[in-house]
Amino acid sequence: MARNRETYTGSSPAAFVAMAGAVLTLVSYVMPWYQVSGDPAITLTGFDAQGSSWHWYAGGSAIGVLILMIFRLMGILDWKRANAAEAFAVFGTLAAVMCVFFPNDGFSAHVGSAVALVGSVTTVVAVLLVVEARK
């Protein structure tokens, strides 16, 4: 299916939902993302997490989507940037899945990583609505 090369214009409820999901993903960084398996009292926030870099990919993708959805609302999102928004959203969701279901050895996922996953899934669904359904 060939895409029209014109820009996206007009108000977009889906863009606002995508931005809310991205912000939710970013807010999750102040929450506990992981807890030590042997001592549940010890937790690490998204900023403290060490070892794996997947949690940084989720946040970086959320920032990318946030910027591109601002472009969408300004009317300067063209089809090339729209494809980038899809890629950011999908990659961010995959990164959040890795954080929740495959934490580093000795750690288990905590509420922050689950919130990041919810934010990422919300973002990817809304971005697909923006890009594919032109909403």
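Here the structure is shown first, and the text comes after it.
The following paragraphs examine the structure supplied in this document. (Residues numbered from 1 in each chain as written. Predicted model: local features only at pLDDT ≥ 70, side-chain atom pairs only at ≥ 80, totals over all residues. Heavy atoms only, no water.)

Moving on, we get to the pairing of strand β1 (residues 32-36). Pairing between β1 and strand β2 (residues 43-45): 3 bridges, direction antiparallel. Each bridged residue has a counterpart across the sheet, and for Q35 the counterpart in β2 is T43. Across 3 bridges, the pairing between β1 and strand β3 (residues 107-109) is antiparallel. Its bridge partner lying in β3, Y34 is registered against A109. (Pairing = 2+ DSSP bridges. Helix = DSSP H or I, 4+ residues; strand = E, 2+ residues; numbered from the N terminus.)

Scanning all chains against the criterion turns up 3 cavities of 30 Å³ or more. The space that makes up the largest cavity amounts to roughly 60 Å³. Every residue lining the largest cavity is counted, 11 residues in all, and those nearest its centre are Y34, S52, H55, C99 and N104. The computed volume of the second largest cavity comes to approximately 40 Å³. What lines the second largest cavity is T25, A58, S61, A62, F88, A89, G92, T93, S120 and T123. For the lining of the second largest cavity, the secondary-structure elements that each account for two or more residues are α2 (54-74), α3 (79-101) and α4 (111-132). Of all the elements, α3 adds the most residues to the lining of the second largest cavity, at 4 residues. (1 Å grid on protein atoms, 1.4 Å probe; cavity = no way out; pocket = protein on both sides within 12 Å on 5 of 7 lines; lining within 4 Å. Points joined across faces, edges and corners; volume = space filled by probe spheres on them.)

As a further point, take the nonpolar core. M69, V127 and V130 are the most contacted members of the largest nonpolar core, which totals 19 residues. For this core, the secondary structure elements donating two or more residues are α1 (13-27), α2, α3 and α4. Once residues within four sequence positions are removed from consideration, M69 is found in contact with A15, A18, M19, L77, A85, V127 and V130. By size, the runner-up hydrophobic cluster in this structure holds 8 residues, among which are Y29, Y34, A58 and C99. (Core = buried A, V, L, I, M, F, W, Y, C linked by side-chain atoms within 4.5 Å. Buried < 20%, exposed > 50% of the residue type's maximum accessible area, 1.4 Å probe, protein only. Contact = heavy atoms within 4.5 Å.)

Okay, a nonpolar patch on the surface next. Where nonpolar side chains cluster on the molecular surface, the patch consists of V23, V27, V30, F47 and W56 and spans about 480 Å² of accessible area. Here V27 shows up in helix α1. V27 sits in the partly exposed class, given a relative accessible area of 41%. (Patch = residues over 30% accessible without salt bridge, like charges linked within 9 Å, V, L, I, M, F, W, Y side chains within 5 Å. Areas by Shrake-Rupley, 256 points an atom, 1.4 Å probe, with all protein chains shown as cover. Salt bridge = Lys/Arg side-chain N within 4 Å of Asp/Glu carboxyl O.)

The values reported here are purely geometric and, on their own, carry no functional implication.
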